[in-house]
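Here is how the chains run, residue by residue.
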Amino acid sequence: MKNKFIYLAIIAAGFASCEPEFENTVDANYTSGDADFTSYVAVGNSLTAGYMDGTVYRVGQTYSFPNLLAQQFALVGGGEFTQPSYAEDVNNLGGIQGLTGTRLIVNASVGGVQPIAGTPTITLTPQAMAYNNMGVPGAKSFHLTFPGYGALNPYFARHATSPTATVLGDAMSKNPTFFTNWIGANDVLAYATNGGAQPDGVTPAADHNLIVNTDPTTYGVNDITNSNVFASVYNTIITTLTSNGAKGVVCTIPSVTSIPYFTTVKWNPLPAESTISAAPLYSFLSPLTAGRISPLSTTSGSTNPLLIVDEDLTDISSQLVAPFTTFITGYLMSLPDNQLTLTQAQAQAALMAPVAAQLYGKARQATSNDLVVLRASSVIGVEPNPTDPLANPFDVPGVTMPLANMYVLTANEKNKVANATAAYNAAIVSIANNNDLAVADMNSVMNQLVTGLRIETGQLYTANYFSGSATEGLVLFSLDGVHPNARGYAVIANEILKVINEFYNANLPLHNPSYFPGINIVTSN
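Note that the structure is a prediction, hence the values are computed from the model and not measured.

Asker: What is the right way to look at the overall build of the protein in this model?
Answerer: Looking only at helices and strands, the protein has 14 helices and 16 strands in total. Since a compact globule built from 525 residues should have a radius of gyration of about 24 Å, the 25 Å found for the protein is in line with a globular shape. Over its C-alpha atoms, taken along the principal directions, the protein stretches across nearly 90 × 55 × 40 Å. Out of the 525 residues in the protein, the part that is buried amounts to 55%. The long-range share in the protein, meaning contacts at least 24 apart out of those at least 6 apart in sequence, stands at 77%. Roughly 21,000 Å² of accessible area belongs to the protein as shown, and the carbon and sulfur atoms make up 55% of that amount.

As structure tokens, then:
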């Protein structure tokens, strides 16, 4: 049975997406104040590019927060605002041919999240053009100044002005008079969303603050950037953006604990009634793991924690080999169709025990201090194929098989993320103050989602992601659990507009987030 212990169910009744609506009513009182929006340029990563539902797609890009800002800047003399062309995305599927999949949708007919059917039509045909929106999905801070970054990132490759172009250089070619800079999330988020693991899903990624490595050319894709490297690069970016007198707004980096990617899947979702068959394994492991694994609760209505791998634990696999040999021997002899002699069972157990011991050598049960990533929901409780003769009945992820490193951000890994985020944000604020720039504290705004973010209209938004029709219009995140939906980007744009109005003595109108679509639901796929 698939996803026996955890599932994502969304009731789609009564919700319909809509095209962009902008409330750009002319008002003689609107003013740019001390800012000049003649040439507005946005630099950043996927949050700036308008990425949502796991990709960039044609209509989704129109809701990017820079595009929403430009709509309001146009009321007070703001110039043309351009974004990388996605006109070839004729069916609004997103993705890139041969590289990435289509955007995520809720398929109401099955009650789940899945990629929208179809093949991406977006290609890597060079556009060789600088745009006002220079948000590049996947970019880290030091990537903005890296010559030839297009060779490493297909999103930048699509529009880089030359093979050796830098993101920052192309941005400056637009001669900005005003800018927003929201870079840095990926310097720590890539580590977090992959559970502190390298791309193999197992090997721990590095925190370059702990090993004091200041050479970003040696960093792995999921590593945490050294905070001194971040501060140095960030200062270079700001110095460059302000070199011709441009003013702007910088944004702090949100804490991962506030986004649905880390808050949707609970650490203890296993119903007692459904884990009875695993109880003997836990009872066996309990006295051998020094408190890492406790017997399962069998009380009706109670839940049990997930079984996970914690790479920071001392490896006790060598201590488990002998006990596992005995345990597996007994298990083989107890099978109804067993035709092995005791000697044969012991011989097989001797081969299997080292593998089992290695599997549980760094295993423990999750606690409330751990964060389980959203994509773990697709593997937790998935039992082996019963028709596979090589299937191991104990290979049930999160139940009898520890969830791999990539699926859980442990308490220790979470602290590494928090410390790096705090250091980055301190640098952002300090550099902004030194350059007399406005700061939009997106870290504070996103943290409010945990308890509820109330906006100017009185609407309350929460991080309660998959809770059916009762809350589907009240969340600000798209279906990838990391990036905002259109409504979320409107809220972000408003926060920046409020900062501009206060810091630069402007009077710009806010958007009404309720006019923008939330979760993307289709009746069938």
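After that view of the structure, there is still more to cover.
Asker: Please explain the pattern of salt bridges as it appears in this structure.
Answerer: Where charged atoms of side chains with opposite charge meet at close range, the side chains can pair. For the coordinates displayed, the defined rule picks out six salt bridges. A salt bridge links Asp370 to Arg364, with the shortest nitrogen-to-oxygen separation between them at 2.9 Å. As far as burial versus exposure is concerned, Asp370 and Arg364 are alike and both buried. Linking Glu495 and Lys498 is a salt bridge whose minimum nitrogen-to-oxygen distance equals 2.9 Å. Placement of the pair is Glu495 and Lys498 together in helix H14 (residues 486-503), with a separation of three residues, close to one helical turn. You can call Glu495 buried: its relative accessible area is 17%. Looking at Lys498, the relative accessible area reads 29%, which means it is partly exposed. In this structure, a network of salt bridges that share partners links the residues Asp310, Arg364 and Asp370.

Asker: It is not clear to me how the environment of Asn45 should be interpreted in this structure. Could you clarify?
Answerer: Along the chain, Asn45 turns up in the loop between strand E1 (40-44) and helix H1 (46-49). Spatially, the C-alpha atom of Asn45 lies 24 Å from that of Pro204, the residues being 159 residues apart in sequence. Setting aside residues up to four positions removed in sequence, Asn45 forms contacts with Gly135, Val136, Pro137, Ala139, Trp182, Ile183, Gly184, Ala185 and Asn186.

Asker: Explain unusual backbone geometry here, please?
Answerer: Excluding glycine, most residues fall at negative phi; most peptide bonds, likewise, are trans. With a phi angle near 55°, Asp53 is a residue other than glycine that sits in the positive phi range. Within the secondary structure, Asp53 sits in the loop between H1 and helix H2 (58-61). We note that Ala128 has phi near 45°; this positive angle belongs to a residue other than glycine. Mapped onto the secondary structure, Ala128 falls in the loop between strand E3 (112-115) and strand E4 (133-135).

Asker: Would you take a moment to explain helix H7 (residues 227-241) for this structure?
Answerer: Given 3.6 residues per helical turn, the α-helix brings residues three or four places apart onto the same face. Between its terminal C-alpha atoms H7 stretches 21 Å, which fits the 21 Å expected from 15 residues at 1.5 Å a residue. Residues of H7 that are buried include every one of Ser227, Val229, Phe230, Val233, Tyr234, Ile237, Ile238 and Leu241, and no others. Projection of H7 onto a plane perpendicular to its axis shows the buried side chains occupying an angular sector of 155°, all on one side. In this fold, the buried residues of H7 make contact with E1, helix H5 (167-172), strand E5 (178-182), helix H6 (186-193), strand E6 (247-251) and helix H12 (411-434). N-cap assignment for H7: the residue whose side-chain oxygen lies 2.8 Å from the backbone N of Asn228 is Asn226.

Asker: Help me out: how do you make sense of the sheet that holds E6 in this one?
Answerer: Strand pairs in the sheet, formed through backbone hydrogen bonds, run parallel or antiparallel to each other. Spatially, the five strands line up as an open sheet ordered E4-E1-E5-E6-E13, and their pairing is parallel. Among the strands making up the open sheet, the edge pair consists of E4 and strand E13 (438-440). Averaged over all pairs of adjacent strands, the angle between strand axes in this sheet comes to 15°, irrespective of strand direction. Judged from the five bridges that link them, E1 and E5 form a sheet pairing that is parallel. Residue pairing for E5: Tyr40 is matched across the bridge by Phe178. Together, E1, E5 and E6 form the strand contacts of H7, whose direction differs from that of E5 by roughly 170°.

Asker: Can you help me understand the side chain of Asn186 in this one?
Answerer: In this structure, Asn186 sits in helix H6. Residues within four places of Asn186 in sequence aside, it is in contact with Asn45, Gly138, Ala139 and Lys140.

Asker: Help me out: how do you make sense of the packing of H6 against H12 in this one?
Answerer: Two elements in contact, H6 and H12, have axes separated by 10 Å at closest approach and are oriented at 170°. Taken together, the axes of H6 and H12 lie roughly antiparallel to each other. On H12, the residues touching Asp187, Val188, Tyr191 and Ala192 of H6 are Glu413, Lys416, Val417, Ala420, Thr421 and Tyr424. Of the residues assigned to the contact of H6 with H12, the class counts are six nonpolar, one polar and three charged.

Asker: Sorry, what's going on with the sheet that holds strand E16 (residues 521-522) here?
Answerer: Across the sheet, three strands lie side by side as E3-E2-E16; this open sheet has mixed pairing. Strands at the two margins of the open sheet, each flanked by one partner only, are E3 and E16. Of the strand pairs in this sheet, strand E2 (residues 104-107) and E3 are connected by four bridges, and their pairing is antiparallel. Bridging from a neighbouring strand, Val106 pairs with Val113 of E3.

Asker: Just to check I follow, could you spell out the packing of helix H3 (residues 65-73) against H14 for this structure?
Answerer: Between two packed helices, what matters for the description is the angle formed by their axes and the separation of those axes. It is at 8 Å that the axes of H3 and H14 come closest, and there the two elements cross at 50°. With respect to each other, H3 and H14 are oriented oblique. The way H3 lies across H14 gives a crossing that is right-handed. Facing Phe65, Leu68, Leu69, Gln72 and Phe73 of H3, the residues of H14 in contact are Tyr489, Ala490, Ile492, Ala493, Ile496, Leu497 and Ile500.

Asker: What is the right way to look at the environment of Ala426 in this model?
Answerer: Tracing the sequence through the fold places Ala426 in helix H12. Sequence-wise, Ala426 and Ser444 are 18 residues apart; in three dimensions their C-alpha atoms are separated by 13 Å.

Asker: Just checking my understanding: could you explain the packing of aromatic side chains for this structure?
Answerer: Centre-to-centre distance and the angle between the planes together describe a pair of aromatic rings. Throughout the structure, instances matching the rule amount to 20 aromatic pairs. With a centroid separation of 5.3 Å and an interplanar angle of 75°, the aromatic rings of Tyr261 and Phe262 are classed as edge-to-face. You'll find Tyr261 and Phe262 in the same group, each marked buried. Taking 6.2 Å as the distance between ring centres and 85° as the angle between the ring planes, the aromatic pair formed by Phe324 and Phe327 counts as edge-to-face. Of this pair, Phe324 and Phe327 both sit in helix H10 (residues 317-334), three residues apart, roughly one helical turn. Here the aromatic cluster, defined as three or more aromatic residues joined through ring pairs, consists of Phe37, Tyr40, Phe73, Phe81, Phe178, Phe503 and Tyr504. One cation-aromatic arrangement involves Arg103 over Tyr57; the distance from NZ or CZ to the ring centre is 4.8 Å.

Reading the values: rules and limits
Residues numbered from 1 in each chain as written. Predicted model: local features only at pLDDT ≥ 70, side-chain atom pairs only at ≥ 80, totals over all residues. Heavy atoms only, no water. Helix = DSSP H or I, 4+ residues; strand = E, 2+ residues; numbered from the N terminus. Rg over C-alpha atoms; globule rule 2.2 N^0.38 Å. Buried < 20%, exposed > 50% of the residue type's maximum accessible area, 1.4 Å probe, protein only. Contact = heavy atoms within 4.5 Å. Areas by Shrake-Rupley, 256 points an atom, 1.4 Å probe, with all protein chains shown as cover. Salt bridge = Lys/Arg side-chain N within 4 Å of Asp/Glu carboxyl O. Expected span 1.5 Å × (residues − 1). Arc of directions from axis to C-beta. Polar contact = N/O pair within 3.5 Å; in protein donor to acceptor, adjacent residues only side chain to side chain. Pairing = 2+ DSSP bridges. Axes fitted to C-alpha atoms, helices over the stretch in contact; angles between N-to-C directions. Parallel < 35°, antiparallel > 145°, perpendicular 65-115°, else oblique. Nonpolar A, V, L, I, M, F, W, Y, C, P; charged D, E, K, R; others polar. Left-handed = near helix turned anticlockwise from the far one by under 90°. Phe/Tyr/Trp six-rings, centres within 6.5 Å; stacked < 30°, edge-to-face > 60°. Lys NZ or Arg CZ within 6 Å of the ring centre and 35° of its normal.

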